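Each chain, letter by letter, is given below.
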Amino acid sequence: MRVPVSWLREYVDLPADLDVGELARRLTMLGLKLEALESPGADVSGPLFVGRVLDFEEEQHSNGKTIRWCQVDVGEPSARGVVCGARNFSTGDLVVVALPGTMLPGGFRIDARKTYGHVSDGMICSARELGLGDDHTGILVLGSEEAKVGDDAVAVLALRDDVIEFEINPDRSDALSLRGVARDAAIAYDVEFDDPAQRFPAATAGQGYPVAVRDVAGCDLFAALEVTGFDPAAPTPRWLARRVQLAGMRPISLAVDVTNYVMLELGNPIHGYDKQRLHGAITVRRAAAGERLTTLDGVERELDPDDLVIADDRGPIGLAGVMGGEATELSAASTDLVIEAAHFDAPSVARCARRHKLPSEASRRFERGVDPTIAPIAALRTAQLLTRYGGGQVAPVATVVGQPGAREAIEMPADLPERVAGFPITATESRAALEAVGCNVAIATDELLVATPPSWRPDLRDPNDLVEEVLRVVGYDKVPSVLPAAPAGRGFTHRQRQRRAIGTALAAAGYVEAVCYPFMATADCDNLGLAPADDRRRATRIANPLSEAEPLLRTTLLPGLLRAQARNIGRGRSDVALYEIGIVVRPRPGEPTRPPALGVGRAPTAEEYAKLDAALPAQPLHMGVVAAGNRSPAGWWGPAREATWADAVQACRLVADVTRTPLEVESAHVPPWHPGRSAVLRLDGVDIGHAGELHPAVCRSYGVPVRTVAAELDLEALSASAADPLLAPVLANFPVGKEDVALVVDDTIPAAAVEAVLREGAGELLESLRLFDVYVGEQVGTGRRSLAYSLRFRAADRTLTEAEIAAARDAAVALAGERLGARPRG
Amino acid sequence: MSGPNTSYDPVRVAALSAEEVERMRAAGVAAVQGAGSLEELKAVRLAHAGDRSPLALANREIGALPPQARKEAGMRVGRARSEIATAIARRDEELQTEQERRMLLDETVDVTLPFDRDPRGARHPLTVLQERIAEFFVGMGWEVAEGPEVEAEWLNFDALNIGSDHPARTMMDTFFVDPPSARTVLRTHTSPVQARTMLTQPPPIYVVCPGRTFRTDELDATHSPVFHQVEGLAIDKGIGMSQLKGTLDHFATAMFGAGITTRFRPSYFPFTEPSAEVDLVCFVCRGAEPAVDSCRTCKGEGWIEWGGCGVVNPRVLVACGVDPAVYSGFAFGMGIERTLMFRNGVHDMRDMVEGDVRFALAFGSEV
Ligand SMILES: [Zn+2]
């Protein structure tokens with residue numbers, strides 16, 4: 001909302017030496033937030049005078065241009081010679097002359113200059129050059145009654161003003177008018193407010209232009225007032241056009257400018273119809289299916305049965321409260337007018353404006369709530385302004401249909417403002433504040449305040465709404481700062497601590513966290529090579545995605561990570577290791593359930609609450625990593641180490657390790673991974689993730705290097721485990737017995753199986769076991785490999801003998817031989 | 001062979017004479033002193049203290065002396081041998097020390113060589129900042145509540161007094177899950193977590209809810225369709241605007257440092273009444289009076305909008321099963337990206353969402 005301060009002063013007695021910045025600050029503290037402060041014309045300085053064209057000669061120049069060499073009287077002893085390119089004036093016209101030394105808007109300095117064979121001693125200005133709008137079709141010609149020769153044009157044209165632009169909160173529809181802003185300005189300076197709605201009279205109700213309201217819910221008040229004999233060619237008074245312009249609307253014609261002016265002044269959007277183009281009674285109703293309307297913007301629209309329309313006998317002539325129709329539009333020939341001032345249902349207007357993507361000044365006001373009682377005043381104010389400046393007659397009576405409901409009184413405990421605000425506010429202060437914003441306070445005792453909110457504040461419904469008004473007037477800045485003491489808390493949950501530990505461990509291991517968008521495309525499922533029946537293809541769809549290309553919620557973290565990976569590589573980084581911890585969305589199996597329809601008058605029951613949750617898809621927390629290039633770069637210490645499938649598996653093992661989860665690893669053949677270089681990760685026999693090298697086709701699809709590795713792990717399963725305190729290990733200090741064994745096994749036998757058998761065979765004397773070498777080659781034969789393990793034995797209560805250690809080792813080797821056909825390497 | 005030899009002429013055992021022993025001792029000690037390396041010392045040891053050294057040989061001749069002369073000669077030779085041994089030990093230590101000194105010198109390396117063999121990773125600053133905020137509140141006894149990102153429309157809107165005709169519920173701001181009859185949305189704020197908390201645990205409640213939220217904004221330098229919020233909720237007896245102000249003042253100081261104060265100004269949110277916008281005093285110009293028009297951070301206003309807050313609307317308490325006659329509460333919400341942007345001078349929203357590792361790596365482990 002743009003508010004010219006000079007206009008504001010009409011309704012509120014602001015100090016003469018007003019600091020506009022301070023006004024803006026005070027209004028901001030009242031809830032009308034300063035967006036911008038402009039001082040149009042502040043950069044204009046004279047000598048800028050009203051002058052009279054005494055005479056001119058028209059000259060044709062060789063460049064094809066015709067100019068006028070004018071003699072202009074600016075109130076000086078002798079006339080000035082000025083070259084002018086425009087021709088829309090006659091001898092004797094009053095014009096605005098910028099003499100040498102004048103600064104025009106935008107830092108445009110006027111000097112005497114030689115042009116077209118003359119020395120032009122200044123410039124005759126167009127409206128645009130003066131910052132008065134877009135019109136530059138000719139120079140500005142003043143009416144003889146507007147000014148006299150030698151007047152200061154800055155004052156005559158009201159070139160200088162201050163304009164405050166406010167951001168208006170959705171609950172303050174009243175502040176989308178000068179009337180509403182002025183009321184707050186009066187509060188801000190504790191001065192009188194001259195309410196224009198009381199200053200201007202309402203139209204007398206009677207038999208005017210016929211109106212039928214068929215949808216009372218959509219329109220509870222409709223005023224129609226006729227104006228006849230209006231001169232459509234009459235110009236808009238300069239001050240009025242200037243105010244409309246500074247308020248952010250384009251001056252168009254007297255009729256349009258006046259309707260806009262009244263809307264800005266009183267907040268009620270006004271529509272004017274050309275009476276000659278109306279056919280029969282004006283009807284307010286919902287659109288019928290299939291009806292069409294061409295709106296003022298020239299667009300033919302198909303109407304929705306929910307659209308509230310204004311119609312005449314021929315059909316719809318406007319979208320109520322949104323935009324009028326072309327067929328009944330005021331034109332340069334309209335002499336008889338019907339002025340509409342009405343109150344339309346806010347939600348109805350909001351739906352209509354959105355449906356037709358047609359936000360307008362009118363709909364913006366109606367959908368937030370217009371004062372439902374002001375229409376008869378606005379209608380007459382419009383008619384009077386029209387006839388004052390455009391001639392004609394205002395009909396003696398207006399048709400006024402409907403009666404807006406009276407506001408209900410709100411009862412508020414007198415101490416509520418104090419309790420909510422946290423500092424003393426007396427009932428007297430509350431009463432004064434409520435009256436200042438327009439409430440009618442019927443009772444104000446030490447116990448109770450009963451206040452009826454004003455018609456222009458539809459947002460005030462509850463005692464707490466009144467508290468906000470009281471606090472607004474008393475001052476939000478008076479709220480003291482008191483730190484409440486919360487009861488002792490339990491700290492972070494196990495799950496929260498675990499998530500942090502996992503992130504910290506991955507970061508320490510060289511992975512950088514990416515926070516990716518959780519959207520994906522159907523194409524991602526194809527790019528990942530997922531089978532038609534793969535569960536990851538069952539995704540939740542967004543009804544209104546930002547991009548039609550990515551309408552799904554991710555079922556896996558990999559697409560987002562791979563895109564981030566490709567982006568990093570595209571930006572010139574070759575070694576990238578990323579991780580993400582975030583949810584994926586998995587629709588629940590079976591038919592989706594519907595959530596229960598719940599009101600807000602009570603809390604849902606436990607059963608209803610459970611149904612709300614049951615209708616939501618599952619949203620498990622996952623961990624994903626991708627890595628490409630070197631995990632460890634080459635340097636003076638030696639060669640680089642590339643990221644391999646083993647890094648991906650190790651990332652999962654690391655997560656398992658820090659969360660004390662016993663993770664089992666087995667080879668897997670699951671897309672998007674390389675069938676021979678990927679693992680499934682199991683917890684208690686349940687698959688909770690996969691890791692390994694990505695399938696080369698997947699790498700190509702995402703534009704990441706072939707041999708990029710990745711892992712994804714469901715963290716939900718982990719969060720349940722290891723919550724209980726760990727029983728600390730006993731650290732035995734008896735000597736350790738070390739044994740190395742090398743076993744030759746069939747190369748299809750996984751190392752994990754060999755290790756498991758060795759552990760079992762070695763028995764409880766085994767303290768630790770570690771694979772330290774894998775050998776493949778002639779010495780062990782094709783299809784076989786040698787796995788070398790170092791075993792450490794220790795007992796808690798004694799020093800082991802050579803014989804005991806050897807026996808344990810032999811038992812381990814023997815069991816490996818028996819179960820897996822392993823034989824000791826010779 | 002060292003048995004007594006009575007036929008031997010004692011006069012001829014010159015090697016055991018005092019002069020001769022002294023000469024051998026002196027020669028031995030001199031040789032030890034002259035050994036310039038452990039190798040040389042080894043040779044000296046062999047020559048002067050070995051089994052075939054002159055003194056060892058001389059010692060064998062003691063038996064040839066008359067018994068009365070043996071003791072003295074024995075002592076004389078023993079002393080000389082002991083002196084040489086001591087000299088060797090001392091010299092050996094000297095040479096060992098010297099050798100190690102030289103070895104350490106030889107092993108000198110260039111310690112300025114970089115050793116970025118195992119590059120570190122990093123957590124994302126958005127994660128770290130959320131955690132830091134959570135830590136601050138946990139320190140005051142609050143708890144951290146979480147909830148689903150794909151949320152029931154009732155919890156995201158209705159329960160929070162956002163009626164079905166509210167503009168926020170249109171397709172213009174909210175991502176709806178298909179089909180719309182599922183009445184499921186991508187949560188537009190973390191407030192449904194507050195509703196869930198009220199519905200599942202009795203007051204008093206002091207929770208903070210960080211998390212991911214969604215609005216249908218196109219990604220640009222200052223907007224993202226996916227962003228993060230932290231919201232707080234306190235429900236207790238006697239809670240109002242002043243406790244809200246106290247909490248946010250403390251929070252602002254913890255996040256932005258001493259002297260960063262807050263300002264409340266009237267605003268509107270359906271779930272709070274009264275509602276306020278909370279501004280922070282501008283870090284750059286510190287709200288200098290008169291306003292510094294040139295301050296680009298606050299556009300000369302002296303204040304920066306941080307978030308929204310207010311006293312929980314009693315209608316919300318009713319819908320969430322809290323008795324407004326007994327309890328009242330406050331709630332607040334801030335954008336994490338926005339906080340990071342002006343706290344850490346992030347210029348472009350895209351830097352936070354694109355996963356460019358240079359961004360996260362720059363922060364180390366702290367924001
Ligand atoms: Zn500043």
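Our structure's up above, just so we're on the same page.
Residues numbered from 1 in each chain as written. Chains lettered and ligands numbered in written order. Predicted model: local features only at pLDDT ≥ 70, side-chain atom pairs only at ≥ 80, totals over all residues. Heavy atoms only, no water.

**Looking at the overall build of chain A**
Each helix and strand in chain A was counted, giving 22 helices and 43 strands. Dimensions of chain A, computed from C-alpha atoms along their principal axes, come out at roughly 130 × 80 × 60 Å. The 826 residues of chain A split such that 51% are buried. Taking contacts inside chain A between residues at least 6 apart in sequence as the whole, the part at least 24 apart equals 70%. Accessible area of chain A: about 36000 Å², with a carbon and sulfur share of 51%. Between the mean site of the 87 positive side-chain charges and the mean site of the 113 negative ones, chain A shows a separation of 5 Å. (Helix = DSSP H or I, 4+ residues; strand = E, 2+ residues; numbered from the N terminus. Buried < 20%, exposed > 50% of the residue type's maximum accessible area, 1.4 Å probe, protein only. Contact = heavy atoms within 4.5 Å. Areas by Shrake-Rupley, 256 points an atom, 1.4 Å probe, with all protein chains shown as cover. Lys, Arg positive; Asp, Glu negative; His and termini not counted. Charge placed at Lys NZ, Arg CZ, Asp CG, Glu CD.)

**Focus: the environment of T108 of chain B**
Assignment of secondary structure puts T108 of chain B in the loop between helix 4 (67-106) and helix 5 (125-139). The spacing of T108 of chain B and T188 of chain B is 80 residues in sequence and 62 Å in space, taken between C-alpha atoms.

**Some details on the side chain of E59 of chain A**
Residues and elements named next belong to chain A. Mapped onto the elements of the fold, E59 is located in strand 3 (residues 48-60). At 3.2 Å, the side chain of E59 and the side chain of H61 are in polar contact. Look past the residues within four positions of E59 in its chain and what remains in contact with it is K65, T66, I67, W69, Y116 and H118. (Polar contact = N/O pair within 3.5 Å; in protein donor to acceptor, adjacent residues only side chain to side chain.)

**Observations regarding a nonpolar patch on the surface**
Taken together, W636 of chain A together with L113 and F115 of chain B make up a surface patch of nonpolar side chains, about 330 Å² in accessible area. Structurally, the position occupied by L113 of chain B is in the loop between helix 4 and helix 5. (Patch = residues over 30% accessible without salt bridge, like charges linked within 9 Å, V, L, I, M, F, W, Y side chains within 5 Å. Salt bridge = Lys/Arg side-chain N within 4 Å of Asp/Glu carboxyl O.)

**Considering the environment of G308 of chain B**
Residues and elements named next belong to chain B. Assignment of secondary structure puts G308 in strand 8 (residues 303-312). A sequence separation of 167 residues divides G308 from G141, and the C-alpha atoms of the two residues are 22 Å apart. In contact with G308, other than residues within four places in its own chain, are F269, A276, E277, V278, A331, F332 and G333.

**Some words on the pairing of strand 16 (residues 270-274) of chain A**
All names here are of chain A. Within strand 16, 5 of the 5 residues are buried, which leaves it mostly tucked inside the rest of the structure. Of the two faces of strand 16, both are covered, the one formed by I270, G272 and D274 as well as the one formed by H271 and Y273. With 5 bridges joining them, strand 16 and strand 23 (residues 337-344) adopt antiparallel strand pairing. Bridge pairing in strand 23 links Y273 to V338. (Pairing = 2+ DSSP bridges.)

**What about the interface of chain A and chain B?**
Contact residues are listed per partner, giving 100 residues for chain A and 105 residues for chain B. Overall, the association of chain A and chain B removes approximately 8400 Å² of surface from exposure, summing both partners, and the carbon and sulfur fraction of that is 58%. Ranking the residues of chain A by area buried against chain B places V515, Y517 and L546 of chain A at the top, with a combined share of 8%. The interface formed by chain A and chain B contains 9 salt bridges. Linking D356 of chain B and R571 of chain A is a salt bridge whose minimum nitrogen-to-oxygen distance equals 2.8 Å. At the junction of chain A with chain B, the criterion picks out 41 residue pairs in polar contact (both at pLDDT 80 or more). If one sorts the elements of the side of chain A that touches chain B by residue count, helix 14 (residues 494-508) of chain A sits on top with 7 residues. (Buried area = accessible area lost by both parts, 1.4 Å probe.)

**Digging into the packing of aromatic side chains**
Applying the stated criterion to the full structure yields 28 aromatic pairs over all chains. Here the aromatic rings of W239 of chain A and Y261 of chain A are separated by 5.6 Å at their centres, their planes lie at 85°, and the arrangement is edge-to-face. Placement of the pair is W239 of chain A in helix 6 (residues 238-246) and Y261 of chain A in helix 7 (residues 254-266), with a sequence separation of 22 residues. For W239 of chain A, a relative accessible area of 33% puts it in the partly exposed group. Assessed through its relative accessible area of 0%, Y261 of chain A is described here as buried. Centre to centre, the rings of F256 of chain B and F342 of chain B are 6.0 Å apart; their planes meet at 35°, and the pair counts as tilted. Taken as a pair, F256 of chain B in helix 8 (residues 241-256) and F342 of chain B in helix 10 (residues 336-344) lie far apart in primary sequence, 86 residues in all. Both residues of the pair, F256 of chain B and F342 of chain B, count as buried. Clustering of aromatic rings is evident, with ring pairs tying together F136, F137, W142, Y206, F251, F256, F283, W306, F330, F332 and F342 of chain B. (Phe/Tyr/Trp six-rings, centres within 6.5 Å; stacked < 30°, edge-to-face > 60°.)

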